[in-house]
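# Descriptive structure summary
In case you want the letters, here they are:
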Amino acid sequence: MTPADLSRTVLHAVRRAVDEDALRAPVPARVRVERTRPGGSGDYACAVALQLAGPAALPALEVARILRERVAAEPGVGRVEITGPGFLSFTLDAPAESDRAVLAAVREQGLAYGHGGALGDEIHQLHHAREVRAAVTAQAVFRLLVAQGARGRTTCEQAPDPDWARLGVTVDAYGTPPTPLTEIRPVPAGATAGELLERLGPDAARWGLLRAAGHDRAALGPELLVQGETNPLFRVRYAHARARALTRGATALGFTAEAAPYGESPAGPAAQAANAAPTPYDRAARPLLDLLADHPGVLLAGARHRAPDRVARQLEAVAHAFFDFHDSCPPLPAGDEKPSAAHRARLAIAEAAGTVLAGGLSLLGIRAPEHL
């Protein structure tokens, strides 16, 4: 069960409770499920009971009890606890099954993994100044909104700069709107599109303009062109290229990815069962698998909050976790070693990471080269 699946499960439980007259409150359009914070209980947590307590005219703890019994009966949910003033904490059944579901979703959906219809009932017109950072940010926000099912267009205060097209920016109309619109006004870049393109090229320029939060000044120096680990853009693109290289290497060795249980070792599942202690593979895979599972939520949050910088930071985290995983648990056999179930499982994780990186870069309007 992915976080998106769990969110739908909780929302279904709310609808059932309302339909059965156990709860008298409006059914929310969506339910937010978050990974449990350090020191918390379970795998995920949700505050929907606190949200519904007022409309239902019931204590939040009572609403939580009504929902707990309905969510706990759903497949894939191992345990549901009530913590604090009425938070629901979920422990999922069979983590390996959940991991395989995430990897299968990435494989099936490809670059569209994390896209959805959560904002399908929304229409947006994003209005921005005739300034390069505002234009690039508005375009990225528009892409994120469309990826979540929303419709709309972007407009500019004045006629667009002709150089914006080389940064992938299009404007549907320009001029002073008759009514107030959603304005995109990040801190200005302090340079024109032409100047940034000449110094950095389109990909580095877009990354520099989008990586910082809108209220922060964008870093647009030569460090964006450094071909090394100190440059987050290079690290993200190199992780993607490395993931693609692993697939080519596996093909040359005659094997393909398989989303087996992530903790399976070359010794096989029987040996794993005999020793319940986490293996190095477990420890290295977990952060990356968690980030892949969280990716749809990050994309949705980026759209809702008009914050493409959240997507950029997510890609940096995925790239970092990918290299930690790759270095601890090589997906390709070495020397005379034969490809094993563990190698196939590792390759599945690496390929999923590469797909997520490529999809995220695409939403930011940045190319993901196969070779770097």
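Thresholds applied
- Each chain has its residues counted from 1, following the order in which its sequence is written.
- pLDDT decides what is reported in this predicted model: residues at 70 or higher carry local features, side-chain atom pairs at 80 or more are listed and counted, and totals for whole chains, interfaces and linings draw on all residues regardless.
- Hydrogens and water molecules were not included; the side-chain quantities draw on all heavy atoms of the structure.
- Between the rings of Phe, Tyr and Trp (Trp by its six-membered ring), a pair exists once the centres lie within 6.5 Å; its type follows the angle of the planes, with under 30 degrees stacked, over 60 edge-to-face, and the other angles tilted.
- In this description a helix means any DSSP run of H or I spanning at least four residues, a strand means any run of E spanning at least two, and both kinds are numbered starting from the N terminus.
- Only protein chains enter the calculation, and the probe is 1.4 Å; a residue is then buried if its accessible area is under 20% of its type maximum, exposed if over 50%, and partly exposed in between.
- Any two strands between which DSSP finds at least two bridges are classified as paired.
- Only the contacting stretch of a helix is used when fitting its axis, a line to C-alpha atoms as for every element, and angles between N-to-C directions run 0 to 180 degrees.
- Two residues qualify as a contact provided that any one of their heavy atoms is within 4.5 Å of a heavy atom in the partner residue.

Bringing the packing of aromatic side chains into the picture now. As enumerated under the stated definition, the model contains 3 aromatic pairs in all. Between Tyr-238 and Phe-323, the aromatic rings sit 5.6 Å apart at their centres with planes inclined by 20 degrees, giving stacked as the arrangement. In this pair, Tyr-238 sits in helix α7 (residues 232-253) while Phe-323 sits in helix α10 (residues 308-328), placing the two residues 85 residues apart along the sequence. Look at Phe-323 and you get buried, because its relative accessible area is 10%. Consider the rings of Phe-322 and Phe-323, whose centres lie 5.3 Å apart with planes at 70 degrees: the pair is edge-to-face. Of the two residues examined, Phe-322 and Phe-323, each falls in the buried class. What links up through ring pairs into an aromatic cluster is the set Phe-234, Tyr-238, Phe-322 and Phe-323.

The 4 strands are arranged β1-β2-β4-β3 in an open sheet whose pairing can be described as antiparallel. Each of the sheet's edge strands pairs with one partner strand only, and the pair in question is β1 (33-35) and β3 (77-83). The mean inter-strand angle of the sheet, taken between neighbouring strand axes irrespective of direction, is 30 degrees. Helix α3 (residues 60-72) contacts β3 and β4 (87-92) of the sheet and is inclined by roughly 175 degrees relative to β3.

Just distances and angles here, no functional claims.
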